[in-house]
Amino acid sequence: SLVELKSETDFSAKAADFVELTQRLADAVLADGEGAIDALKDDIDSLKIAKRENIEVGKVVRFEAADGNVLDAYVHIQDGRGTNAVLLEVAGADMETAHEIALHIAAAAPRYVSPDEIDEDEVAAERSVFEQKAAEEGKPENVRERIVEGQLAKWRKEIALLDQPHVNADKHEGKTIEQLRE
């Protein structure tokens, strides 16, 4: 399960009572589904009063893996609190690989799973930027298209998960996420 509990200040988000309530909310969602949050509304209201600030529930999700798939969760902790979280379902991978992919997603923040999912309008906009840059740099007309195609390929790898090299290149020898899954 994944529960986002929002506060106005880092001070509140780091406090033991805030962290404890967030965990209880996540445990309730895991046990009984997204609607379980409603049973803890009084606890949320009490925390609002105690902290004297607006505290509200954001995203609430409960996942169940399909048969044969693996679920993994990763919460990036910075300055004593979670700053982003990944909940991932992977087909055809073990728990260790799923965890490595979740770590990568938290660090690299891919916008798409694969390059073929990238919206054509977005590709066209990037192409236009790269074409303009090549022209401004005075690149010869006969090589501009190859330059633009090379820059587009690099850009696709930056935003599409499966083509990204794992952020821990030393540990994974520069393998892409797709290669890790194999």
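1. Regarding the overall build of the protein
Check the secondary structure of the protein and you find eight helices and four strands. Mapped in sequence order, the helices and strands of the protein form the string β-α-α-α-β-β-β-α-α-α-α-α. In terms of principal-axis extent, the alpha carbons of the protein reach across some 70 × 40 × 30 Å. For the protein, buried positions account for 31% of its 182 residues. Expressed as a percentage of contacts within the protein between residues at least 6 apart in sequence, the contacts between residues at least 24 apart total 53%. Looking at the protein, you have 22 positive and 41 negative side-chain charges, and the mean spots of the two groups are 5 Å apart.

2. A short note on the packing of helix H2 (residues 16–32) against helix H3 (residues 41–51)
For any two helices packed against each other, the geometry is given by the interaxial angle and the distance between the axes. Relative orientation of the contacting elements H2 and H3 amounts to 165 degrees, with a least axis distance of 11 Å. Looking at the two axes, H2 sits roughly antiparallel to H3. Classified by chirality, the crossing of H3 by H2 is left-handed. In this structure, H2 uses Asp17, Phe18, Leu21, Arg24 and Leu25 to contact H3, whose residues at the interface are Asp43, Ile44, Leu47 and Lys51.

3. Description of unusual backbone geometry
Phi is positive for arginine 52, which is not a glycine, with a value near 55 degrees. For arginine 52, the position within the fold is in the loop between H3 and strand S2 (56–61).

4. Overview of the confidence of the model for the protein
Chain-level statistics for the protein give a pLDDT mean of 92 and a share of 98% at 70 or above. Looking across the protein, the model is least confident in strand S4 (residues 81–91), with a mean pLDDT of 82, and most confident in helix H5 (residues 120–136), with 96.

5. What to know about the nonpolar core
Among the nonpolar cores identified, the biggest contains 16 residues, and Val3, Leu5, Phe18, Leu21 and Leu25 are the most heavily contacted of them. For this core, the elements supplying multiple residues, two or more each, are strand S1 (2–6), H2 and H3. Here this core takes six residues from H2, the largest share from any one element. The residues touching valine 3, leaving out its near neighbours within four places in the chain, are Thr22, Leu25, Ala26, Val29, Ile37, Lys59 and Val60. By size, the runner-up hydrophobic cluster in this structure holds 15 residues, among which are Tyr74, Leu88, Ala106 and Leu161.

6. So, the pattern of salt bridges
Tallying each qualifying case throughout the model produces twelve salt bridges. With a closest N to O distance of 3.7 Å, aspartate 38 and lysine 41 form a salt bridge. We classify aspartate 38 as partly exposed; its relative accessible area is 49%. When its relative accessible area of 44% is taken as the criterion, lysine 41 is described as partly exposed. A salt bridge links glutamate 122 to arginine 111, with the shortest nitrogen-to-oxygen separation between them at 1.9 Å. Of the two residues, glutamate 122 sits in helix H5 while arginine 111 sits in the loop between helix H4 (95–108) and H5, which places them eleven residues apart along the sequence. Through salt bridges with shared partners, a single network forms among Glu20, Arg24 and Asp43.

Definitions and limits used
Residues numbered from 1 in each chain as written. Predicted model: local features only at pLDDT ≥ 70, side-chain atom pairs only at ≥ 80, totals over all residues. Heavy atoms only, no water. Helix = DSSP H or I, 4+ residues; strand = E, 2+ residues; numbered from the N terminus. Buried < 20%, exposed > 50% of the residue type's maximum accessible area, 1.4 Å probe, protein only. Contact = heavy atoms within 4.5 Å. Lys, Arg positive; Asp, Glu negative; His and termini not counted. Charge placed at Lys NZ, Arg CZ, Asp CG, Glu CD. Axes fitted to C-alpha atoms, helices over the stretch in contact; angles between N-to-C directions. Parallel < 35°, antiparallel > 145°, perpendicular 65-115°, else oblique. Left-handed = near helix turned anticlockwise from the far one by under 90°. pLDDT = per-residue confidence, 0-100. Core = buried A, V, L, I, M, F, W, Y, C linked by side-chain atoms within 4.5 Å. Salt bridge = Lys/Arg side-chain N within 4 Å of Asp/Glu carboxyl O.

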